[in-house]
Each structure stands twice: as C-alpha cells, then as structure tokens.
Amino acid sequence: MNTREMFAKAVDGGYAIPAFNFNNMEQLQAIIKACAETKSPVILQVSSGARKYANQTLLRYMAEGAVEYAKELGWEHPQICLHLDHGDTFELCKSCVDFGFSSVMIDGSSLPYEENIALTKKVVEYAHQYDVTVEAELGVLAGVEDDVVAEESHYTKPEEVIDFATRSGCDSLAISIGTSHGAYKFKPEQCTRDPQTGRLVPPPLAFDVLAEIEKKLPGFPIVLHGSSSVPQEYVDIINANGGNMPDAVGVPEDQLRKAAKSAVCKINIDSDSRLAFTAAVRKVLAEKPGEFDPRKYCGPARDEMVKLYKHKIIEVLGSDGKAE
Ligand SMILES: [Zn+2]
C-alpha cells in the first residue's frame, strides 16, 4: 500500500510509522516478524546502497514475499509499503514506480530551491498517475548514508514549506532539524560529555523549527531521516568483541518519542539495526571461534534485530496495534 492512509492515521493518532531499511533476508524477516507481532504498519525502504548490494529486482520480490510471510505469521491485514529511499533522479523514481513500489522519495535537497520544486513536481505528476505517494526533502541533513553525503546540515526554513509543498504537490516532507545520517551523527565538539560514563551527549533537536513547520502546514505528514539512536549497549558489545567504534552516538529516543507525537509521522531507522546485527555476529564469533555456519551467527543477529524493531515500535514510535 502507499503511505497516504498510514500517514493520515498517524498524524491524527500522534504516533509515527517506522521506516526500516532492508538489504538482506535476515533483516527483512526481522522487520516483518516484529511488525506482525506488534501489528504495526511499516515502510520497507530500499536505498541506492541496497539496490547495489542486493539487486533491485530481488528486493522487490522479497518485499512481495514479505506480505505473504506476514500473513503466515498470523497478521491478517498487513500494512506494508515498499518505498524508494533517497531517489536522486526522475528516471530512478519512474523505474521504481513502474516496478511496483508503492512510494518513492525524490531527494532534491542538494539542488537550488526552484530546481528542487521542479524535480519533485515532475516525479509527483508521474507517480500520482499510479497512486504512488512521493516524499520530498527540504533542508540538508549532515552525515553519511550510502551515497548520500553532506558535511554540514542546514535546517529547513519554515517560511519555505507552504510554497514548497503546494507547488511540488508532494505527499510528505522530510525536514532537517538536527538529525543526521549514520552511526556518527554528531562530532565530539558538537556534544557535551557525560562525566560519569564518558559518553557523548548530543545536542537537542530543533523542536522550535519543527513547531513552526507544523504551524505552517497543519496536519501535513513530516518525515525524519537519520533517526537512529545508536544504542550504546550494542556499541559496547561491538567494542568488547574486537570492534572499534569510538564516540558513535545517535538521537536520544526520548526526543524521537516527542517528535512522533507531533506532525512527524515517519521516522527512518537504519543504523540501529546494523549495530544490532554486527554486535550479535561479533559476539557469536568471539565466543565460538570454530563456528563457520552463517546460520549460527546470522540467526542470533536476526533475533537481536527483532528485539530492536519491537522496542522501536512499542517504546519510541507508538505504532503498535495500529494495523490490526
Ligand atoms: Zn535519509
């Protein structure tokens, strides 16, 4: 399904839909299992990195298989959207629409304002013919996500959002209020340090900017990218088992919870499941150096991701029970 109804309900209900990226079978199984067990609607995201790694055709049929898998797990009416994450050209968005995606993102945020509108509008006009919803982006997020790299962030300007949404016709808008892609979202110099744990404490999100945007576009679906929290227990397991991830830090979950209650109705989480996967794999391989069956370490990694996704759905986004 597309995101229209999902978002309308989420805005009204004060919760957010999880948007989880997937790149392999174990990750997809974990997402679907977590959503089936909590009855949460979900957006399955395919990034350019995922398309390169796993192949677009395979991912599309995996998503189709996921709907059947969800039903097998006892989820009678699964609400699953297949979404292109960070589409950068009209041609790519068109190919995903033609290919059966139910939602696409066109990310023209690096372009000058008028060019961003023109490109978004072109994608919207094409996608809407097939009832495919379109996410656009205004403002720039810092950080690294697959092929999306930006040194510095620029907050979305609230005075632009009405004009942008109206003229582009987009269905939802990704904004920049201080979230950031990747597992190193904030440089140490942007943070303070907790004297007890020595861990970085990131700067707060710009809730004043979010509130202004919400005032300009009441009820319009807002999207947050780069919203992993980088759970420190996973960073610790990774570092204790041969890893090296100093100062990895994310967006605190209480801030995401607060955002989910507002006009934010889609929250993108990718890095956290990478961390869960890697922590579980490192632990098994460190404890059982003779293990060589991938199922023996990918299985526990999958279990750990299920735990993580359920935690996000229930404790952070509040989307559990919204897709009975
Ligand atoms: Zn993103």
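Please refer to the structure higher up on the page.
Residues numbered from 1 in each chain as written. Predicted model: local features only at pLDDT ≥ 70, side-chain atom pairs only at ≥ 80, totals over all residues. Heavy atoms only, no water.

**Q** Hey, could you go over the nonpolar core for me, with residue numbers and the actual values?
**A** Ranked by size, the top nonpolar core spans 95 residues in total, and within it F22, L44, V104, L173 and I222 carry the most contacts. The greatest single-element share of this core, amounting to 10 residues, is contributed by helix 12 (residues 294-317). Not counting the four nearest positions on each side in its chain, L44 is found in contact with F20, F22, L28, I31, I32, A63, I80, C81, L82 and H83. Core analysis: the next-biggest nonpolar cluster, separate from the first, contains 10 residues, M6, I17, C81 and C265 among them. (Core = buried A, V, L, I, M, F, W, Y, C linked by side-chain atoms within 4.5 Å. Buried < 20%, exposed > 50% of the residue type's maximum accessible area, 1.4 Å probe, protein only. Helix = DSSP H or I, 4+ residues; strand = E, 2+ residues; numbered from the N terminus. Contact = heavy atoms within 4.5 Å.)

**Q** Hey, could you go over the pattern of salt bridges for me, with residue numbers and the actual values?
**A** Where charged atoms of side chains with opposite charge meet at close range, the side chains can pair. One pass over the full model with this rule turns up 20 salt bridges. Two residues, K310 and E37, come together in a salt bridge whose shortest N-O distance is 2.5 Å. With K310 in helix 12 and E37 in helix 2 (residues 25-38), this pair connects stretches of sequence that are 273 residues apart. On the basis of relative accessibility, which here comes to 25%, the residue K310 falls in the partly exposed class. The partly exposed category is assigned to E37, whose relative accessible area is 43%. Here the residues in one salt-bridge network are R4, D131 and D171, joined through shared partners. (Salt bridge = Lys/Arg side-chain N within 4 Å of Asp/Glu carboxyl O.)

**Q** Pulling in residues and values, what's your account of helix 9 (residues 232-240)?
**A** Along helix 9, the residues that are buried comprise Y234, V235 and I238. The buried residues of helix 9 occupy one face: seen down the axis, they fall within an arc of 100 degrees. Helix 9 presents E233 and A240 as exposed residues on the side facing more than 90 degrees away from its buried surface. Two residues or fewer after helix 9 comes G242, characterised by a positive phi angle close to 95 degrees. (Arc of directions from axis to C-beta.)

**Q** Tell me about helix 12, and name the residues and values.
**A** The end-to-end C-alpha separation of helix 12 is 32 Å, in line with the 34 Å expected for 24 residues at 1.5 Å each. Between the side-chain oxygen of the N-cap and the backbone nitrogen of R295 there are 2.9 Å, and the N-cap of helix 12 in question is D293. Within two residues after helix 12, G318 carries a phi angle of roughly 75 degrees, on the positive side. (Expected span 1.5 Å × (residues − 1). Polar contact = N/O pair within 3.5 Å; in protein donor to acceptor, adjacent residues only side chain to side chain.)

**Q** A description of the packing of aromatic side chains should follow, citing residues and the corresponding values.
**A** Inspection of the entire model under this criterion finds four aromatic pairs. Plain terms: the ring middles of Y126 and Y130 are 5.2 Å apart, the flat faces sit at 45 degrees to each other, and that makes the pair tilted. Through a chain of ring-to-ring contacts, three or more aromatic side chains come together here, namely F90, Y126 and Y130. Seen from the ring of F99, R60 lies directly overhead, with NZ or CZ sitting 5.6 Å from the centre. A cation over a ring is seen here: K122 above F90, with NZ or CZ 4.5 Å from the ring centre. (Phe/Tyr/Trp six-rings, centres within 6.5 Å; stacked < 30°, edge-to-face > 60°. Lys NZ or Arg CZ within 6 Å of the ring centre and 35° of its normal.)

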